[in-house]
Amino acid sequence: MEIAQAHQNITDSIRYAKRLQDAILPAERHIHALLPNSFVIYKPKDIVSGDFYWMVNKGGKILIAAIDCTGHGVPGALVSIVGNNGLMRTVNEFGLTKPAEILDKLSVLVEETLQQNDEAEVRDGMDMALCSFDNTKKVLEYSGANNPLYFVRVKNGQELVDNGKVLSPLMFNETHCLYEIKPDKQPIGLFERRKGFTNHSINFTEGDTIYIFSDGYADQFGGAKGKKFLYRSLRELLLSIQGKQMKDQKVVLETAFENWRGSHEQVDDVCVIGIKL
């Protein structure tokens, strides 16, 4: 009886913690007010999550990120609060809006908050894809800590250029091309070979679509052989649904995830954000 009561008390406490974590997430109405053609898929593995998403409107730019903190459950949720507070400080206290500069500063703030050094016991951090949209200039900026950005464009002969470099599509079908904008291979937080994050800059046109995400969707085990879904399957799925509205894309992605998972346990938190520009 005492064990059951203790379990109930712990569960009640974690459920209350979920209310606190949910409070830091941007409201759906706020996201749709700034980015009408968008969706967010958010599936914690446990009650609270190590994944979270973040958005602000600052200096004429819309900033949005998908973040994957170390671990999941309660430890991941605690790191997510550190990450959210750090992100808010980068824009409100330090006045940053360039994604690479935000990630550079956030990494310093995480190390300071968790008192990370070469002898630190706490080496937690986060992976992230962070985007900035300037709708006046039609410029997308992106910087990533281990997590890429997928950019989908109608196959109309218009090249995709990143910082003056013409990119080749990673995958394409009869109507669309999918490009991968690669992240820097380093996390937010303590890292021995840290360098400055790369700031990618792309001119976008109406109808371009971008996706940022944590690794939980692609890493889910399932299917007939109990294998991972994998990023290639995710890219193929994204290309196949380009004719659909964003709200319908969300339904397809959620359904495909659950069908693939089947009776398998969800292995990690899941966060996927899609935005039609």
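Look up: the structure comes first, before these words.
Residues numbered from 1 in each chain as written. Predicted model: local features only at pLDDT ≥ 70, side-chain atom pairs only at ≥ 80, totals over all residues. Heavy atoms only, no water.

(A) Quick peek at the sheet that holds strand 10 (residues 176–181). Reading across the sheet, the 6 strands line up as 1-15-12-6-10-9 and stay open at both edges, with antiparallel pairing between neighbours. Because the sheet does not close on itself, it has two edges, and the strands there are strand 1 (38–43) and strand 9 (171–172). The sheet strands contacting helix 6 (residues 246–261) are strand 1, strand 12 (209–213) and strand 15 (270–276), and the helix crosses strand 1 at an angle near 25°. (Pairing = 2+ DSSP bridges. Helix = DSSP H or I, 4+ residues; strand = E, 2+ residues; numbered from the N terminus. Contact = heavy atoms within 4.5 Å. Axes fitted to C-alpha atoms, helices over the stretch in contact; angles between N-to-C directions.)

(B) Spatial organisation of the environment of Gly 189. By the secondary structure assignment, Gly 189 is in the loop between strand 10 and strand 11 (200–203). Expressed as a C-alpha distance, the spacing of Gly 189 and Thr 113, which sit 76 residues apart in the sequence, is 9.9 Å.

(C) A look at helix 4 (residues 99–113). Helix length check: helix 4 (15 residues) gives 21 Å between terminal C-alpha atoms against 21 Å at 1.5 Å per residue, within 8%. Burial in helix 4 covers these residues: Pro 99, Ala 100, Ile 102, Leu 103, Leu 106, Ser 107, Leu 109 and Val 110. Of the residues trailing helix 4, Gln 115 is marked for its positive phi of about 50°. (Expected span 1.5 Å × (residues − 1). Buried < 20%, exposed > 50% of the residue type's maximum accessible area, 1.4 Å probe, protein only.)

(D) Geometry of the nonpolar core. Trp 54, Met 128 and Phe 133 are the most contacted members of the largest nonpolar core, which has 53 residues in total. When residues in this core are grouped by element, the largest group, 7 residues, is from strand 3 (residues 61–69). (Core = buried A, V, L, I, M, F, W, Y, C linked by side-chain atoms within 4.5 Å.)

(E) Up close: helix 6. Across its 16 residues, helix 6 extends 23 Å between first and last C-alpha, which sits within 8% of the 22 Å expected from 1.5 Å per residue. Regarding helix 6, the residues found buried are Met 246, Gln 249, Leu 253 and Phe 257. Projected onto a plane normal to the axis of helix 6, the buried residues spread over an arc of 70° and lie on a single side. Looking at helix 6, the residues exposed on the side facing more than 90 degrees away from the buried face are Lys 247 and Asn 259. In this structure, the buried side of helix 6 is in contact with strand 1, strand 12, helix 5 (231–240) and strand 15. The first or second residue beyond helix 6 is Gly 262, which carries a positive phi of 55°. (Arc of directions from axis to C-beta.)

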